[in-house]
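The primary structure of each chain is shown beneath.
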Amino acid sequence: VDVLVTYTPPAALVKLLTTGTWRIAAEEGAHMGVGPNEAPDPWWWSANPFDKASSGLYDDRYKFNEDGTFNIEMQGSTWLESWQGVEEGCGTPVAPHDGSNPATYSYTGDTVTVVGDGAFLGLAKVHNTGEDGNPVEDTITYNIVSVDENYLVVNINFGPGYWQFRFRDANYVAPTTDVTFAVGTSNIEVGPNGMYLGGGIFGDAQAVPMSDDDGDGIWEVTVTLNEGQAGYYIFLNSPNDGNDWGAKEQLAGLPCSDPNNYDDRILEIGRAHV
């Protein structure tokens, strides 16, 4: 008796490859990196999700549509590199890697393939035979490492090694929690504009005004953050405007600062800073 076996993909895979919209998961841990092995571990390089120089990458949206079409929406900016004929950094997307060309996708239980001039996942330069943004027949196949309702992890062998990308459901809304930030000012004179919380995950130099209602010299503010939010920030003494970074506290060389992010403070999951 012949038995017909029909492959039924898990629900998470169906979501991914029919109605899924995804973004790079700019969260704690290795969400993007390259290494010699399929894992890849050890990493040759892995991304720092707190580096605002590459922030344009994290709002890119990768959309798998039910009709088999594939779209990239870059929200006006993305990560650019010198091979595209521009200075490295975030800027206006460069054709054909700007989401303007039609593209399609196909999948198996283990791979997803995007087809189209400028179609890609993660980084525009990476494809199955190199890192120059010019895949054979405009086709790139990625290995599906894992997928569930919230996360998609893929890797790709580009020749010398493997790139791995971790994506998050772009429609996911994280639960929030209230976090109080406080800074003592007993050893400084606070200027007429008061103290501010700013930089990094908060924005400019006047992002969040603080207060000292009881006059004890400790300025505070409570802000609502997504649970698991991490990143860098700084306290500023009387900034004149949103670009007055000269007002920030000077933490160079201190253990509470991050030399890779302007010597600012780091907000880490499960760790409080006062």
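Scroll up to find the structure.
Conventions adopted
- Residues numbered from 1 in each chain as written.
- Predicted model: local features only at pLDDT ≥ 70, side-chain atom pairs only at ≥ 80, totals over all residues.
- Heavy atoms only, no water.
- Helix = DSSP H or I, 4+ residues; strand = E, 2+ residues; numbered from the N terminus.
- Buried < 20%, exposed > 50% of the residue type's maximum accessible area, 1.4 Å probe, protein only.
- Contact = heavy atoms within 4.5 Å.
- Areas by Shrake-Rupley, 256 points an atom, 1.4 Å probe, with all protein chains shown as cover.
- Core = buried A, V, L, I, M, F, W, Y, C linked by side-chain atoms within 4.5 Å.
- Phe/Tyr/Trp six-rings, centres within 6.5 Å; stacked < 30°, edge-to-face > 60°.
- Lys NZ or Arg CZ within 6 Å of the ring centre and 35° of its normal.

Draft legend 1. Here's a closer look at the overall build of the protein chain. Of the regular secondary structure elements, the protein chain holds one helix and 19 strands. Expressed as a percentage of its 274 residues, the buried residues of the protein chain come to 45%. Put simply, of all contacts in the protein chain between residues at least 6 apart along the chain, 59% involve residues at least 24 apart. As displayed, the protein chain has an accessible area near 13900 Å², and 48% of this comes from carbon and sulfur atoms.

Draft legend 2. Just the nonpolar core, in detail. Counting residues in each nonpolar core, the largest one holds 33 residues, and the members touching the most others are Phe70, Tyr142, Trp163, Phe165 and Phe167. For this core, the elements supplying multiple residues, two or more each, are β1 (21-24), β2 (32-35), β4 (61-64), β5 (70-73), β9 (111-115), β10 (139-147), β11 (151-157) and β12 (162-169). Filtering out sequence-adjacent residues up to four positions away, Phe165 remains in contact with Ile24, His31, Met32, Leu121, Gly122, Leu123, Val126, Leu152, Val153, Val154 and Ile156.

Draft legend 3. Structural context of the packing of aromatic side chains. Tallied over the full model, the rule gives twelve aromatic pairs. Relative to Tyr105, the ring of Phe64 lies with its centre 5.2 Å away and its plane at 90°, an arrangement referred to as edge-to-face. Remark: Tyr105 occurs in strand β8 (residues 104-107) and Phe64 occurs in strand β4; sequence separation between them is 41 residues. Like Phe64, the residue Tyr105 is buried in the burial classification. By the ring-pair criterion, three or more aromatic residues cluster together here, those being Trp45, Tyr62, Phe120, Trp163, Phe165 and Phe167. Residue placement shows Arg166 over the ring face of Tyr151; its charged tip is 4.0 Å from the ring centre. In this arrangement the basic side chain of Arg168 is found over the ring face of Tyr172, its NZ or CZ atom lying 3.5 Å from the centre.

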